[in-house]
Amino acid sequence: MIKFENVLKFYRIHRHRKVVLNYVSISLQPGSSYGILGVNGAGKSTFIRLIAGSELPNSGRVQRTTRVSWPLGFGGGLHPNLTGRENVRFLARVYGEDPRQVTEFVEDFAEIGPYMDAPVKTYSSGMVARVAFGLSMAIDFECYLIDEVMAVGDARFTERCRVEFNKRKVHSDIIMVTHDTSAIREYCDHGIVLANGNLHYFHEVDDAIELYKRINM
Amino acid sequence: MLARDNPIMIQARVISALVLRDMHSRFGRTFFGTLIIVAWPLSHLLFLMCLYIVARRVVLVGTDSAVFFGTGLLPYILCFYPARWIMFSVVQNRSLLGLPIVKVSDIILARSIVEITAAFWVTCIFILILFLFGVNAFPRRPNDAMMAILATVYLAFAIGWTAAVLYALVRAWMGIQILILIVMYFTSGVFFIPMNLPAQLRNILWFNPLLHSVEWLRSAYYDGYGYGLLSKSYLFWSATVILFIGLAAERLLRGRLMIQSA
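Residues numbered from 1 in each chain as written. Chains lettered and ligands numbered in written order. Predicted model: local features only at pLDDT ≥ 70, side-chain atom pairs only at ≥ 80, totals over all residues.

**Student:** For this particular structure, what's the right way to read the overall build of chain A?
**Tutor:** Secondary structure assignment for chain A yields 7 helices and 8 strands. Taken against the 2.2 N^0.38 rule, which gives 17 Å for 217 residues, the C-alpha radius of gyration of chain A at 18 Å falls within 12% of a compact globule. The principal-axis extent of the C-alpha atoms belonging to chain A is close to 50 × 35 × 30 Å. The buried share of chain A, taken over its 217 residues, is 43%. Counting only contacts in chain A whose residues sit at least 6 apart along the sequence, the fraction spanning at least 24 positions is 66%. (Helix = DSSP H or I, 4+ residues; strand = E, 2+ residues; numbered from the N terminus. Rg over C-alpha atoms; globule rule 2.2 N^0.38 Å. Buried ≥ 20, exposed ≤ 12 C-beta atoms within 10 Å, placed from the backbone. Contact = placed C-beta atoms within 7 Å.)

**Student:** Could you clarify how one ought to interpret the overall build of chain B in this entry?
**Tutor:** Within chain B, the secondary structure is distributed over 9 helices and 0 strands. For chain B, whose C-alpha radius of gyration is 19 Å, the value lies close to the compact-globule estimate of 18 Å for 262 residues. Across its three principal axes, chain B shows a C-alpha extent of roughly 60 × 40 × 35 Å. Counting only residues that meet the buried cut, chain B has 44% of its 262 residues in that class. Sequence separation of 24 or more characterises 75% of the internal contacts of chain B that already satisfy a separation of 6 or more.

**Student:** Just checking my understanding: could you explain the domain arrangement of chain A for this structure?
**Tutor:** A common way to report how large an interface is uses the accessible area buried once the components associate. Residues and elements named next belong to chain A. Parsing chain A into structural domains produces domain 1 (2-69 + 177-215) and domain 2 (84-174). Measuring from the centre of the C-alpha atoms in domain 1 to the corresponding centre in domain 2 gives 25 Å. Between domain 1 and domain 2, the contact holds 17 residues from the first and 13 residues from the second. Elements supplying a minimum of two residues to the side of domain 1 that touches domain 2: α1 (44-52) and α6 (181-187). Top element by residues in the side of domain 1 that touches domain 2 is α1. It accounts for 4 residues. Considered class by class, the residues forming the side of domain 1 that touches domain 2 number 9 nonpolar, 7 polar and 1 charged. (Domains from an automatic or database assignment. Nonpolar A, V, L, I, M, F, W, Y, C, P; charged D, E, K, R; others polar.)

**Student:** Explain the confidence of the model for chain B here, please?
**Tutor:** Atomic detail in the predicted coordinates should be set aside for any region of low pLDDT. When pLDDT is averaged along chain B, the result is 90; 97% of the residues meet or exceed 70. Complex prediction metrics read pTM 0.88 and ipTM 0.83. (pLDDT = per-residue confidence, 0-100.)

**Student:** What exactly am I supposed to notice about the confidence of the model for chain A here?
**Tutor:** With 98% of its residues at a pLDDT of 70 or more, chain A shows a mean pLDDT of 88. Within chain A, no element has a lower average pLDDT than helix α5 (residues 155-171) of chain A, which sits at 83, and none a higher one than helix α2 (residues 84-94) of chain A, at 94.

**Student:** Is there a simple way to explain the nonpolar core in this structure?
**Tutor:** One broad rule of soluble globular proteins: the nonpolar side chains tend to lie buried together. Leu145 and Ile175 of chain A together with Ala164 of chain B are the most contacted members of the largest nonpolar core, which has 136 residues in total. No fewer than three residues from each of domain 1 (2-69 + 177-215) and domain 2 (84-174) of chain A sit in this core. Here Leu145 of chain A is in contact with Ile48, Ile51, Ala52, Val68, Ser69, Trp70, Pro71, Leu72 and Ile175 of chain A, once residues within four sequence places are set aside. (Core = buried A, V, L, I, M, F, W, Y, C linked by C-beta atoms within 7 Å.)

**Student:** Please explain unusual backbone geometry as it appears in this structure.
**Tutor:** Across residues other than glycine, the phi torsion is negative in most instances, and most of the peptide bonds are trans. Residue and element names in this part refer to chain A. Positive phi is not limited to glycine here, since Tyr23 has a value of about 50°. Inspection of the secondary structure assignment puts Tyr23 in strand β2 (residues 16-28). Non-glycine residue Glu111 carries a positive phi angle of around 55°. With respect to the helices and strands, the residue Glu111 is situated in the loop between α3 (99-110) and α4 (125-138).

**Student:** Is there a simple way to explain the interface of chain A and chain B in this structure?
**Tutor:** Opposite the 24 residues of chain A that make contact, chain B presents 23 residues. Among the elements of the structure, α1 and α2 of chain A are those that each provide at least two residues to the side of chain A that touches chain B. With 4 residues, α2 of chain A is the single largest residue contributor to the side of chain A that touches chain B. Counted by class, the side of chain A that touches chain B contains 9 nonpolar, 9 polar and 6 charged residues.

**Student:** Teacher, can you tell me more about the pairing of strand β5 (residues 143-147) of chain A here?
**Tutor:** On any regular strand, side chains alternate: one points to one face of the sheet, the next to the other face. All names here are of chain A. With 5 of its 5 residues buried, β5 lies for the most part within the structure. The two faces of β5 match: Cys143, Leu145 and Asp147 on one face and Tyr144 and Ile146 on the other face are all buried. Relative to strand β6 (residues 173-177), β5 runs parallel, the two being bridged by 5 bridges. By the bridge assignment, Ile146 is partnered in β6 with Met176. (Pairing = 2+ DSSP bridges.)

**Student:** Explain the environment of Glu142 of chain A here, please?
**Tutor:** Residue position: Glu142 of chain A is located in the loop between α4 and β5. For the pair Glu142 of chain A and His200 of chain A, spaced 58 residues apart in the sequence, the C-alpha separation amounts to 24 Å.

**Student:** I would appreciate a short explanation of the sheet that holds strand β7 (residues 190-195) of chain A in the present structure.
**Tutor:** For sheets, the rule is that strands pair by backbone hydrogen bonds, running either parallel or antiparallel. All names here are of chain A. In spatial order, the strands read β5-β6-β3-β7-β8; together these 5 strands make up an open sheet with mixed pairing. Since the sheet does not close on itself, it has two edges, and those belong to β5 and β8 (198-202), each with one partner. Strand after strand, the sheet turns through a mean of 15° between neighbouring axes, direction not considered. Taken strand by strand, helix α7 (residues 205-215) contacts β3 (34-37), β7 and β8, and its axis lies near 25° from that of β7. (Axes fitted to C-alpha atoms, helices over the stretch in contact; angles between N-to-C directions.)

**Student:** Would you mind going over the sheet that holds strand β4 (residues 59-64) of chain A with me for this structure?
**Tutor:** All names here are of chain A. Read from one edge of the open sheet, 3 strands run β2-β1-β4, paired in antiparallel fashion. This sheet does not close on itself; its edge strands, each paired only once, are β2 and β4. Strand-to-strand twist in this sheet, taken as the mean axis angle between neighbours without regard to direction, amounts to 30°. When strand β1 (residues 2-13) meets β2, the two strands line up antiparallel, connected through 9 bridges. Within the sheet, the bridge partner assigned to Val7 lies in β2 and is Val24.

**Student:** Just checking my understanding: could you explain helix α2 (residues 31-55) of chain B for this structure?
**Tutor:** Given 3.6 residues per turn, any residue in an α-helix points the same way as the ones three and four places further on. Residue and element names in this part refer to chain B. Look at α2: 36 Å from first C-alpha to last across 25 residues, which is about the 36 Å you get at 1.5 Å a residue. By the largest-angle criterion, Ile37 marks the main kink of α2, which is about 40°, and a proline, Pro41, follows within four residues. Burial in α2 covers these residues: Ile37, Pro41, Leu42, Leu45 and Met49. (Expected span 1.5 Å × (residues − 1). Bend = angle between axes of the 7 residues up to and from the residue.)

**Student:** Looking at this structure, I do not really get α7 of chain A. What am I missing?
**Tutor:** Residue and element names in this part refer to chain A. Along α7, the residues classified as buried are Val205, Ala208 and Tyr212. The buried residues of α7 occupy one face: seen down the axis, they fall within an arc of 65°. Residues Asp206, Lys213 and Arg214 are exposed on α7 and point more than 90 degrees away from its buried face. Among the structural elements, β3, α6, β7 and β8 are those in contact with the buried residues of α7. (Arc of directions from axis to C-beta.)

In structure tokens form, the structure reads like this:
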């Protein structure tokens, strides 16, 4: 479960206070997947980072009793001077997984061949995305966070990402931020609309999409 | 599953992975790169010692100038290098804060472990080199020498932790810290005996914690050295206060440190 208790989150931009979450309380239950909708700049990515714990609220508490992923496809944890293999082994160790198994999976999934033993700084952005996505799939999480990016690469690789991700979906939850309402319908059980610092929860995804469309007009 | 693991076990696992990553990535991916972590401060130490021995042949205390300058320079090197490299830790690894499992304190602790380990290697190799050159570098009171080195490394850790937080928020802190450490070095008694200075000046220099590191280490080699000046408790408490400031700053400013990584 991920529980927000009276969470306040704001940024100061040019002496102006931009409130993202205005004393919000919500419980995201295990066994359910949530789609988060909101207009540009509403704070959806900030909400995802608060869920992940990679950002802290200004006040209030965020409690997690589940193993939450980093946002899918996030490549920031890859050290440019280390090889793909060394980076994969590092992340496997961090998450307590078998480095050999994780490396084998990513090597097979990312299909970057000998580049696996080259420093990441020599990779194209597409190769970094493939390794990062493979890493997200190689480590078992109870809850996957998706910030717009659900798949990377060309059409064939995108399809591969979808197939692999659907396998995870069977036993893991998803919290997804996207403007793609069809993806929300496909992957999520419930909807949340973030607007003016408030979270509007909807049991039915279609109701959330309807509100989103109204405020987006 | 990780969520149900013992939090201490999770942190230990994250820190050990970060330690390996730091050793393999700081100066290149080869074993030679890892050696530089020890070789750099060691060569700095040996270079300065040779310079002082050549420049000043008169022995101020004891019979061997190598021991006198060595016992002055070693605390400086053991403080300067760890404090500086720990300071860089958060900025150099900031992107890792995007991973939910990695905390600011993990990054600082991992770098501290690498630096403290390097500091002990520097000490051992330095003493071995002195022995190879026929210098009797074994202290009269080994326990005192060991405690002095531990206290100095503790001071470096405290300065490094505080600096890591400050430097991550204010880049100008690097210049300020280097200036502070240089002043500490020149006033620590590396190349003079503080007791020979006028009382007024000595009373001011007393506030430099590195001076007490040098005095403590030298008191392990020379009978009566540091008497009336050395305050072991001042060194310990000044390091503890600095560390407390660093811990409090990390806790209070953690949100800001993480925002800058996002």
